[in-house]
Amino acid sequence: MADARAPFTTRHQRLAQLVAGRPRFLLLTRSDLADPLVTQAWLRALTQQGEKVVAICLMDAQERRVLLNRLEEFTHALPSRLVRLVVTGLPNVGKSFLINQWLGRRRLATANRPGVTTAPTWVRVTPHIAVLDTPGVFEPSPRSAKSLYILAALGILPPERYEEEEVAAWLLHTLWQQERVRQLVRERWHVPATQQVEAVALPQLESLAVGRRLLRAGGRPDTARAARQLLTEFRQGLWGRVTLEMPPAPSSAD
Ligand SMILES: Nc1nc2c(ncn2[C@@H]2O[C@H](COP(=O)(O)OP(=O)(O)OP(=O)(O)O)[C@@H](O)[C@H]2O)c(=O)[nH]1
Ligand SMILES: [Mg+2]
């Protein structure tokens, strides 16, 4: 499983090698929070690369039913009496949540933060299918500063591994060019459209803190509180449906 808002960065790159030769599905979760047009483009690009891929909002019962029916159809076509599925991916992408929904009860711990599952657990979801829930795993080190910012912004990286102000400033800087996001954030933070907001990230954070009257003693903008609120609201989808990375351009063979 990976996050539809950053399908490249939130995908475990070595997994394809590790499970080579076995059937696998890629689920892009939180599709309700991603830009739908960009998600379509990702699905096309990944399908072209030979992936079996589905974008899904795991909160949507109908979408979950369609997915589970597809998985059941697939496993019933296999010769073995008991099919074992491993659900794997980075932290907080919804692995345990999906398995609970499949079971119809809260068998596994879930929460909207990384690092909830701490040990692999087998769960029998139907007489024919056993599923292994696994703790979210990271690659040994993030590939770049950008990938670290993306993982932090999406709530996949544990909070002790990043500075909230730095990540919120990066997010603002990255998304400020998008008119739709700019308008939403200005409105929510009471920064009038007429007021100049610097394109440089930290002063931007300061303008927003002032807009919401988040001030420290002495009247200085409280950028730490502004950053925390911005990140929380981004993760709740209050900046609109936003995808943080674009798919590769279609190959000429298409
Ligand atoms: N809006 C939205 N929220 C989702 C979606 N999928 C999962 N979530 C939320 O994400 C939370 C995290 O899910 P978990 O199942 O605990 O994540 P996990 O992948 O098991 O995480 P670790 O155990 O840390 O590896 C859930 O509690 C849901 O509230 C989705 O498609 N859309
Ligand atoms: Mg889990």
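Summarised in this report is the structure supplied together with it. (Residues numbered from 1 in each chain as written. Chains lettered and ligands numbered in written order. Predicted model: local features only at pLDDT ≥ 70, side-chain atom pairs only at ≥ 80, totals over all residues. Heavy atoms only, no water.)

What about the nonpolar core?
Point 1. Core analysis: the biggest nonpolar cluster contains 55 residues, and Leu 171, Val 185, Leu 230, Phe 234, Trp 239 and Leu 244 have the highest contact counts within it.
Point 2. When residues in this core are grouped by element, the largest group, seven residues, is from helix 6 (residues 164-175).
Point 3. When residues of this core are assigned to domains, at least three fall in each of domain 1 (2-133) and domain 2 (163-235). (Core = buried A, V, L, I, M, F, W, Y, C linked by side-chain atoms within 4.5 Å. Buried < 20%, exposed > 50% of the residue type's maximum accessible area, 1.4 Å probe, protein only. Helix = DSSP H or I, 4+ residues; strand = E, 2+ residues; numbered from the N terminus. Domains from an automatic or database assignment.)

As for the packing of helix 3 (residues 61-76) against helix 4 (residues 95-103)
Point 1. Here helix 3 crosses helix 4 at 80 degrees, and the two axes come no closer than 11 Å. In terms of axis orientation, helix 3 runs roughly perpendicular to helix 4. Together, Arg 64, Leu 67, Leu 68, Leu 71 and Glu 72 of helix 3 and Phe 97, Leu 98, Gln 101 and Trp 102 of helix 4 make up the contact between the two elements.
Point 2. The residue makeup of the contact of helix 3 with helix 4, split by class, is six nonpolar, one polar and two charged. (Axes fitted to C-alpha atoms, helices over the stretch in contact; angles between N-to-C directions. Parallel < 35°, antiparallel > 145°, perpendicular 65-115°, else oblique. Contact = heavy atoms within 4.5 Å. Nonpolar A, V, L, I, M, F, W, Y, C, P; charged D, E, K, R; others polar.)

Focus: the coordination of the magnesium ion (ligand 2)
Point 1. Coordination sphere of the magnesium ion (ligand 2), protein contribution only: Ser 96 (OG) and Thr 117 (OG1), at 2.0 to 2.1 Å. Taken together, the positions of Ser 96 in helix 4 and Thr 117 in the loop between helix 4 and strand 5 (121-126) put the pair 21 residues apart, joining distant regions of the chain.
Point 2. Accessibility expressed as a relative area gives 8% for Ser 96, which makes it buried.
Point 3. We classify Thr 117 as buried; its relative accessible area is 17%. (Donors = N, O, S within 2.8 Å, 3.2 Å for Na, K, Ca; no water.)

Comments concerning the pairing of strand 2 (residues 26-29)
Point 1. Here strand 2 shows no split at all, with Leu 26 and Leu 28 on one side and Leu 27 and Thr 29 on the other all buried.
Point 2. Sheet topology note: the strand 1 (residues 2-3)/strand 2 ladder contains two bridges and is parallel. Bridge assignment links Asp 3 to a residue of strand 2, and that residue is Thr 29.
Point 3. When strand 2 meets strand 3 (residues 53-55), the two strands line up parallel, connected through three bridges. The partner of Leu 27 across the bridge, within strand 3, is Val 54.
Point 4. As for the winding sense of the linkage, the β-α-β connection from strand 2 through helix 2 (residues 36-48) to strand 3 is right-handed. (Pairing = 2+ DSSP bridges. Right-handed = clockwise from strand over helix to strand, strands pointing away.)

Remember, this is a structural readout, not a statement about activity or role.
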